[in-house]
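# Examination of the molecular architecture
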Amino acid sequence: DGGITQSPKYLFRKEGQNVTLSCEQNLNHDAMYWYRQDPGQGLRLIYYSQIVNDFQKGDIAEGYSVSREKKESFPLTVTSAQKNPTAFYLCATLPEGNTEAFFGQGTRLTVV
Amino acid sequence: AQSVTQLDSQVPVFEEAPVELRCNYSSSVSVYLFWYVQYPNQGLQLLLKYLSGSTLVKGINGFEAEFNKSQTSFHLRKPSVHISDTAEYFCAVRYYGGSQGNLIFGKGTKLSVKP
């Protein structure tokens, strides 16, 4: 079954802890993205990666880090430096040809 | 900076009524245009896309959208909505030749269909 798997679906963490969100794809797409979604704010780009071992900051990268060691995987770490980490996080991929992006089911992170 | 504006944050409508969700983008350069739908606590699903050719595009679930280059708009329409259409809808734009990061989203429109 081809697709994008984000795990876990719900995540709770204490303030000050780093947490890593998983995104795995078996679509063989080169580009992968992380977006943050807050109510009324739409989707804001955190980081993206076009190829393995390379990634670029998006509009709101502060307090986040990523890695791209394999084509299939693009984990996002929310660090303690992120001042307001509670949000819905979406991972997406993009095939060649600059057409539409494909999305995972999201991870809802709540920091208490 | 490039931007996408969805003019209505919430649209309430009665079942079987027509609906239009509005989307405007900031630049008249060549673009790809998309509408996505999101149900609560889920990812985004593509409704339809405009890449080139006919300016009227049809998508899933009976939705359609019209690309208007002179008005830089890409409004989404459905002639008769169902309760199951209740969701949030996002308009997105990608510019020709842009970097892979250049997929820009509007802030979303929440469609609420009432019986």
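The rules behind these values
- Residues numbered from 1 in each chain as written.
- Chains lettered and ligands numbered in written order.
- Predicted model: local features only at pLDDT ≥ 70, side-chain atom pairs only at ≥ 80, totals over all residues.
- Heavy atoms only, no water.
- Core = buried A, V, L, I, M, F, W, Y, C linked by side-chain atoms within 4.5 Å.
- Buried < 20%, exposed > 50% of the residue type's maximum accessible area, 1.4 Å probe, protein only.
- Helix = DSSP H or I, 4+ residues; strand = E, 2+ residues; numbered from the N terminus.
- Contact = heavy atoms within 4.5 Å.
- Buried area = accessible area lost by both parts, 1.4 Å probe.
- Salt bridge = Lys/Arg side-chain N within 4 Å of Asp/Glu carboxyl O.
- Nonpolar A, V, L, I, M, F, W, Y, C, P; charged D, E, K, R; others polar.
- Disulfide = S-S within 2.5 Å.
- Pairing = 2+ DSSP bridges.
- Axes fitted to C-alpha atoms, helices over the stretch in contact; angles between N-to-C directions.
- Phe/Tyr/Trp six-rings, centres within 6.5 Å; stacked < 30°, edge-to-face > 60°.
- Lys NZ or Arg CZ within 6 Å of the ring centre and 35° of its normal.

Residues and elements named next belong to chain B. Ranked by internal contacts, the top residues of the largest apolar core, which has 29 residues, are Trp-35, Leu-48, Phe-74, Leu-76 and Tyr-89. Contributions of two or more residues to this core are made by strand E2 (10-14), strand E3 (19-21), strand E5 (31-38), strand E6 (44-50), strand E8 (64-68), strand E9 (73-78), strand E10 (87-95) and strand E12 (109-114). What Tyr-89 contacts, discounting residues up to four positions off in sequence, is Gln-6, Leu-21, Trp-35, Tyr-36, Val-37, Leu-47, Phe-63, Leu-76, Gly-108, Thr-109 and Leu-111.

With that settled, consider unusual backbone geometry. Cis geometry is adopted by the peptide bond preceding Pro-8 of chain A, which originates at Ser-7 of chain A and carries an omega value of -10°. The backbone of Asn-61 of chain B sits at a positive phi, close to 60°, despite the residue not being glycine. By secondary structure assignment, the location of Asn-61 of chain B is in the loop between strand E7 (56-58) and E8. Relative accessible area serves as the criterion here: at 41%, Asn-61 of chain B is assigned to the partly exposed category.

Moving on, we get to the interface of chain A and chain B. Every contact between the two is made by 24 residues of chain A and, on the other side, 21 residues of chain B. Taken over both partners, the interface formed by chain A and chain B buries close to 1,900 Å², and the fraction arising from carbon and sulfur atoms is 50%. The interface formed by chain A and chain B holds one salt bridge in total. Note that Lys-49 of chain B is salt-bridged to Glu-100 of chain A, the shortest N-O span being 2.8 Å. At the level of secondary structure, the elements contributing two or more residues to the side of chain A that touches chain B comprise strand E4 (31-38), strand E5 (42-51) and strand E9 (87-94) of chain A. Here the residues of the side of chain A that touches chain B are counted per class, giving 12 nonpolar, nine polar and three charged.

All right, on to the state of the cysteines then. Residues and elements named next belong to chain B. Tallied over the full model, the rule gives two disulfides over all chains. Residue Cys-23 pairs covalently with Cys-91 via a disulfide, S to S 1.9 Å. Where Cys-23 bonds to Cys-91 through sulfur, the torsion about that S-S bond is close to -65°, and the disulfide is left-handed. A residue pair is termed long-range when its members are at least 10 positions apart, and Cys-23 in the loop between E3 and strand E4 (24-25) and Cys-91 in strand E10 qualify at 68 residues. We note that Cys-23, like Cys-91, is buried.

Residues and elements named next belong to chain A. Read from one edge of the open sheet, four strands run E1-E3-E8-E7, paired in antiparallel fashion. Only two strands of the sheet have a single neighbouring strand rather than two, namely strand E1 (4-7) and strand E7 (64-66). Direction aside, the axes of adjacent strands within the sheet are offset by 20° on average. When E7 meets strand E8 (residues 76-78), the two strands line up antiparallel, connected through three bridges. Within the sheet, the bridge partner assigned to Tyr-64 lies in E8 and is Val-78.

Residue and element names in this part refer to chain B. The alternating pattern of E12 places Thr-109, Leu-111 and Val-113 on a buried face, while none of Lys-110, Ser-112 and Lys-114, on the opposite face, is buried. Where E2 and E12 come together, five bridges link them in parallel fashion. Within the sheet, the bridge partner assigned to Phe-14 lies in E12 and is Lys-114. With three bridges connecting them, E10 and E12 associate as antiparallel partners.

It is worth spelling out the pairing of strand E3 (residues 19-25) of chain A at this point. Residues and elements named next belong to chain A. The alternating pattern of E3 places Val-19, Leu-21, Cys-23 and Gln-25 on a buried face, while none of Thr-20, Ser-22 and Glu-24, on the opposite face, is buried. In this structure, E1 lies alongside E3, joined through four bridges in antiparallel fashion. Counterpart to Thr-5 in the pairing with E3 is Glu-24. Bridge analysis of E3 against E8 gives three bridges, and the strand direction is antiparallel. Bridge assignment links Val-19 to a residue of E8, and that residue is Val-78.

As a further point, take the packing of aromatic side chains. The relation between two aromatic rings is expressed through the spacing of the ring centres and the mutual angle of the planes. As enumerated under the stated definition, the model contains 12 aromatic pairs over all chains in all. Plain terms: the ring middles of Tyr-47 of chain A and Phe-55 of chain A are 5.9 Å apart, the flat faces sit at 80° to each other, and that makes the pair edge-to-face. Consider the rings of Phe-34 of chain B and Tyr-36 of chain B, whose centres lie 6.4 Å apart with planes at 40°: the pair is tilted. Comparing Phe-34 of chain B with Tyr-36 of chain B shows no difference in burial state: the two are buried. Through pairs of rings, three or more aromatic residues link up here, namely Tyr-33, Tyr-35, Tyr-48 and Phe-103 of chain A together with Phe-34, Tyr-36 and Phe-105 of chain B. Positioned above the aromatic ring of Phe-74 of chain A, the side-chain terminus of Arg-68 of chain A is 5.9 Å from the ring centre.

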